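Descriptive structure summary
Next come the chains, spelled out residue by residue.
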2 protein chains.
Amino acid sequence: MKLNTKSRYAVMALADMAVFSCDNAVSLRDISLRQGISLLYLEQIFLKLKKNNIVKSVRGINGGYILVKSPKELKISDILLALDQKVKTIGCKKDSKKSCNGKSTKCITHNFWDELDIHINSFFESKKLIDLLKHREARL
Amino acid sequence: MKLNTKSRYAVMALADMAVFSCDNAVSLRDISLRQGISLLYLEQIFLKLKKNNIVKSVRGINGGYILVKSPKELKISDILLALDQKVKTIGCKKDSKKSCNGKSTKCITHNFWDELDIHINSFFESKKLIDLLKHREARL
DNA sequence: TATATACCCGACTAAAATAGTCAAGTTTTT
DNA sequence: AAAAACTTGACTATTTTAGTCGGGTATATA
Ligand code: FES
Ligand code: FES
């Protein structure tokens, strides 16, 4: 049960932007250097963030990305959603007719995993980007 | 961010035992049939459960497995632990000197992921096996 | 207007994790 | 003796992950 690096890097990069941007665009190159994330990988990540309206881009020289919402308003759940990182701890789809075991009835544990998903999601919903910056003595 | 099937099946199988055992051993064959889980896979899972003292085995004919603790006392976190399913949402080890990015300082998001882990773990700690059996109308 | 900077985008791939199987046992009850 | 059921390690196909690559396009500035 671990988060993938894409989601992790996305949160990291956006946190970086929140720290360093003074309303002007932050280039991926800078984020890459500061946070030690591959530039090519960041591009892939920001493509999704842009498509999902988490950031907007400024092209050309001195270009980069800008946060659409303020760190105070941007929920972590929004970020994860942008990266298709569904918090679905099991395979069994809520809407699908098929349950996890291929049968038509729900398995004995179904409700429990549902509860778990809700529990985790509510955490991500409750946290905003700005919450990451509270105690940042430990930042590089 | 999903749970692996081993953990899922483990919880499922133990819940099955809690429902069907009347103090006598439950064979993996029966669990396999009732829950639709591969017998061979169950064997692998129960090996770990046994090593971690979640179940004990009774060999020979009419043998099977028995829960060591009562469903009222068996925490879900114990089950997951037995299957090495650490709830460590990121790679960065708490004790290791190395942080997620290979640097010696903790990254900007470190504390947040720690909080997340605690949040999830506390859920698994708070839930007992018996909690899964509450509303089991939906059981097969 | 040349050019460097930086975003854009799809396709590709190596490596790791997962999910599950197989073979060859051992133990115990009937 | 035979059958049921646990024991164990090794093996493998598939999927997912974590990235890379190549070839773009847009724009500020010199
Ligand atoms: S039926 Fe939904 S988790 Fe098994
Ligand atoms: S340093 Fe621990 S998560 Fe990055």
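Everything here concerns the structure above.
The text that follows walks through the structure, step by step, so that each part is easy to find. Since we're looking at a predicted model, the values are computed, not measured.

1. Regarding the nonpolar core
- Counting residues in each nonpolar core, the largest one holds 86 residues, and the members touching the most others are Leu-14, Phe-46 and Phe-124 of chain A together with Leu-14, Phe-46 and Phe-124 of chain B.
- The contact partners of Phe-46 of chain A, leaving out residues within four places of it in the chain, are Ala-13, Leu-14, Met-17, Leu-28, Ile-31, Val-55 and Tyr-65 of chain A.

2. Quick word on the relation of the copies chain A and chain B
- Superposition of chain A onto chain B requires a rotation of 180° combined with a translation of 0.0 Å along the rotation axis, giving an RMSD of 0.0 Å. Interpreted geometrically, this transformation is the action of a two-fold axis. For chain A, the minimum C-alpha distance to the rotation axis belongs to Met-1 of chain A and amounts to 2.9 Å.
- With an isologous cut-off of 70% or more, the 100% of interface residues of chain A that recur at the interface of chain B puts this contact in the isologous class.

3. Details of the protein's contact with DNA strand D
- The immediate surroundings of DNA strand D are formed by 28 residues, with Ser-38, Gln-44 and Arg-59 of chain A together with Lys-50 and Tyr-65 of chain B found nearest.
- The sugar and phosphate moieties of DNA strand D supply 68% of its atoms located within 4 Å of the protein.
- Here a phosphate oxygen of DNA strand D sits 3.4 Å away from a polar atom, N or O, in the side chain of Tyr-9 of chain A.
- Taken together, the elements giving at least two residues each to the surface near DNA strand D come down to α1 (5–20) and α3 (39–51) of chain A together with α2 (28–35), α3 (39–51), β1 (55–58) and β2 (64–67) of chain B.
- Among the elements that line the surface near DNA strand D, the one with the most residues is α3 of chain B, at four residues.
- Its residues assigned to classes, the surface near DNA strand D comprises ten nonpolar, 13 polar and five charged.

What counts and what doesn't
Residues numbered from 1 in each chain as written. Chains lettered and ligands numbered in written order. Predicted model: local features only at pLDDT ≥ 70, side-chain atom pairs only at ≥ 80, totals over all residues. Heavy atoms only, no water. Core = buried A, V, L, I, M, F, W, Y, C linked by side-chain atoms within 4.5 Å. Buried < 20%, exposed > 50% of the residue type's maximum accessible area, 1.4 Å probe, protein only. Contact = heavy atoms within 4.5 Å. Least-squares fit on C-alpha atoms with pLDDT ≥ 70 in both. Near = heavy atom within 4 Å. Polar contact = N/O pair within 3.5 Å; in protein donor to acceptor, adjacent residues only side chain to side chain. Helix = DSSP H or I, 4+ residues; strand = E, 2+ residues; numbered from the N terminus. Nonpolar A, V, L, I, M, F, W, Y, C, P; charged D, E, K, R; others polar.

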